[in-house]
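Tertiary structure, described
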2 protein chains.
Amino acid sequence: MKSRTLRLILRELSRPRSIWELIPRQDSHLEELHSIVGELLKQGYLEVKEGKLSLTPKGRDLARDLGISHRREGFFETARTRCVTLVSFLPEMKIYEMIASRRPPIRAEFDQGYMRPKDVFFRLVVMYERGDLEGAEIAVLGDDDLLGIALALTGLPRKVEVFEVDENIVEFENRIARQRDLKLEAHVYDFRRKLDGRWLSGFDTFVTDPVETIHGLKLTFSRGAAMLRDGGSGYFGLTRLESSLAKWREVQRMLNEMNFAITDLYPNFSVYPLEGNIGSYLESCEVYRAFSSLSWPPDADFYTSHLYRIEAVGRPKPLVAPDEEMMEDILHDEESWVTP
Amino acid sequence: MKSRTLRLILRELSRPRSIWELIPRQDSHLEELHSIVGELLKQGYLEVKEGKLSLTPKGRDLARDLGISHRREGFFETARTRCVTLVSFLPEMKIYEMIASRRPPIRAEFDQGYMRPKDVFFRLVVMYERGDLEGAEIAVLGDDDLLGIALALTGLPRKVEVFEVDENIVEFENRIARQRDLKLEAHVYDFRRKLDGRWLSGFDTFVTDPVETIHGLKLTFSRGAAMLRDGGSGYFGLTRLESSLAKWREVQRMLNEMNFAITDLYPNFSVYPLEGNIGSYLESCEVYRAFSSLSWPPDADFYTSHLYRIEAVGRPKPLVAPDEEMMEDILHDEESWVTP
């Protein structure tokens, strides 16, 4: 049984629900669910009373051991809307905003740029709803967004490890982690280098905002895949403006080959502000040469990305082996118009 | 230039916007956008005034000819939420609900079942936002949801053609279309039969809720692909409960092979009520044998599906040729637990 599935089911049964109420609150195929629920009943973690499944004391202990706490609301529906809300995470977001206001300056040489704090939390809410936050071991691959801090501030993940090439970010995150006693550790790591054996298959989920060249994507997903346990999941942002539809198709083919299925894909889910951020290096980018004659400087935050969630069918298969290096330029191709 | 891209750009420029405001309101790669905007300026459809792009009188004529009307709101963001709203389409939804309340009874032999009216409209709103509704020629492949009526009621598509095996639905939709003078035509068609040559490459978008066996999916997507123009898009629902993650991966591989990229994927986007609907045949399904000992009858609408949007990179390539027949059982496999 996948650890995430178990955590999801225990969380959703923290109040009694019928099997019919449970089905849409998790995402296993009915046959898998049937065997999981059967097993949990047999082992005495669940019981059925008047048509409702609920946790036994033994089940509640297991849920607690796995890091499950009270259910917060992330997705909701009204008569006229379907929404993602970050209202359950506002206390954490306020602290995050305070911390992020003192973030290290971005470095153009690493193609850095960060999304708005609320987009960090919208992403976190999706992870929470999909069962990839509570009790999970999470690898953040590249963290100019300081997502690692946001995740750790919730107190929900079992651990968060950040892998980042910029030592300023690594030091910043480790200092915050010490000050606030967070389950967060950041490491200096250039993805192009070999992946240390101790990180292999050690995580439930990875999160990244990859460089959008085919080489860069292949490398980043391979590092993420190598870090995942069987059946693990991944989150990443991809733009349309720096990646053509043909590249999207190629990326999806690659992910499929790595044994992943795409489970969620939210358009325009992250906005990158210009000021003090990507705006500082735009004049060295192709986009400046192309559009500055129409209007300059930009009067709107035009850089947005789309959020993918992927999940491995069994064992993820990295296309670049963990001990393989790839020292070429992974930042540039003919589509990288907003990359300095 | 793709017709959808042109329509999207003209719609978003119905009020003056800078190029920076325009970028996130469409989804071309920056290089494509650069060449499209350049071309539209050169041909006199657009002009630049004080850094804002706007339609010239000639551009406004073109927009009108392409079926563009005032911009409605479908997606919105607040400080704490991101939402899809159907509020701009409430008048149409009220009429739709009245019509749908007299729909023909569902037929288990075709594995029918319909989603809630609001889910029909949430889907329609996504199509609207993504530029696949206004001025578009739309094929609906199987229409127990009566989506064709909802689409046509907005008055926005250039035409809607429904292809449906159940002659009761076909007659019902054609009667409504005549009564209300809708740009909607329904045809009796069993996808397993050859596709009539006059439907080849005739549509901008297809919409379907396929039977979830691999054979059924391959056939349905092939029919949809054959009906699309180059660069066309498709929408479909797929469940997790009747399709394992391994099948999802296989479906995605198949779509990729057909030259499609997935552009959007919204989890739990459609709910199928039980009463007078799929509830009427559940006792003939595997799900009854598996779960009725826990709780029966079901006390919640457990059947939900996830909405995909796909887009062809150039020419879509059907895996089943339009003149090929596939007369085997496409309704059942070992995962079809809610299929009678």
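Residues numbered from 1 in each chain as written. Chains lettered and ligands numbered in written order. Predicted model: local features only at pLDDT ≥ 70, side-chain atom pairs only at ≥ 80, totals over all residues. Heavy atoms only, no water.

Turning to the state of the cysteines, a few remarks are in order. Evaluation of the coordinates by the stated rule reveals one disulfide over all chains. A sulfur-sulfur distance of 2.2 Å marks the disulfide that ties A:Cys83 to B:Cys83. Residues A:Cys83 and B:Cys83 are joined through a disulfide that is right-handed, its torsion about the S-S bond being 115 degrees. Taken together, the positions of A:Cys83 in strand S4 (residues 81-85) and B:Cys83 in strand S4 (residues 81-85) put the pair across two chains. Accessibility assignment for this pair places A:Cys83 and B:Cys83 in one class, buried. (Disulfide = S-S within 2.5 Å. Helix = DSSP H or I, 4+ residues; strand = E, 2+ residues; numbered from the N terminus. Buried < 20%, exposed > 50% of the residue type's maximum accessible area, 1.4 Å probe, protein only.)

To continue, consider the pairing of strand S5 (residues 137-141) of chain B. Residues and elements named next belong to chain B. Among the five residues in S5, five count as buried, and that is most of the element. Going residue by residue along S5, you find Glu137, Ala139 and Leu141 tucked away on one face and Ile138 and Val140 tucked away on the opposite face as well. Summarising the sheet, S5 and strand S6 (residues 159-164) pair through five bridges and their orientation is parallel. Looking across to S6, one finds that Ile138 is bridged to Val160. Between the parallel pair S5 and S6, the chain is carried across by helix H7 (residues 147-153), and the sense of this crossover is right-handed. Pairing of S5 with strand S8 (residues 203-208), which is carried by four bridges, proceeds in the parallel orientation. For Leu141, the partnering residue across the bridge sits in S8 and is Thr208. (Pairing = 2+ DSSP bridges. Right-handed = clockwise from strand over helix to strand, strands pointing away.)

Further remarks concern the domain arrangement of chain A. Residue and element names in this part refer to chain A. Split into domains, chain A comes out as domain 1 (3-71) and domain 2 (84-312). Using only C-alpha atoms to locate each centre, domain 1 and domain 2 end up separated by 31 Å. Counting from both sides, the interface comprises 13 residues of domain 1 and, opposite them, 13 residues of domain 2. Taken over both partners, the interface formed by domain 1 and domain 2 buries close to 1,000 Å², and the fraction arising from carbon and sulfur atoms is 25%. Looking only at domain 1, the three residues that lose the most surface to domain 2 are Arg4, Arg7 and Arg11, adding up to 50% of its buried area. There are six salt bridges connecting domain 1 and domain 2. In this structure, the salt-bridge partner of Asp132 is Arg4, at a minimum N-O distance of 3.4 Å. For the interface between domain 1 and domain 2, the tally reads eleven residue pairs in polar contact (both at pLDDT 80 or more). The biggest single contributor to the side of domain 1 that touches domain 2 is helix H1 (residues 3-12), with five residues. For the side of domain 1 that touches domain 2, the class distribution of residues is three nonpolar, four polar and six charged. (Domains from an automatic or database assignment. Contact = heavy atoms within 4.5 Å. Buried area = accessible area lost by both parts, 1.4 Å probe. Salt bridge = Lys/Arg side-chain N within 4 Å of Asp/Glu carboxyl O. Polar contact = N/O pair within 3.5 Å; in protein donor to acceptor, adjacent residues only side chain to side chain. Nonpolar A, V, L, I, M, F, W, Y, C, P; charged D, E, K, R; others polar.)

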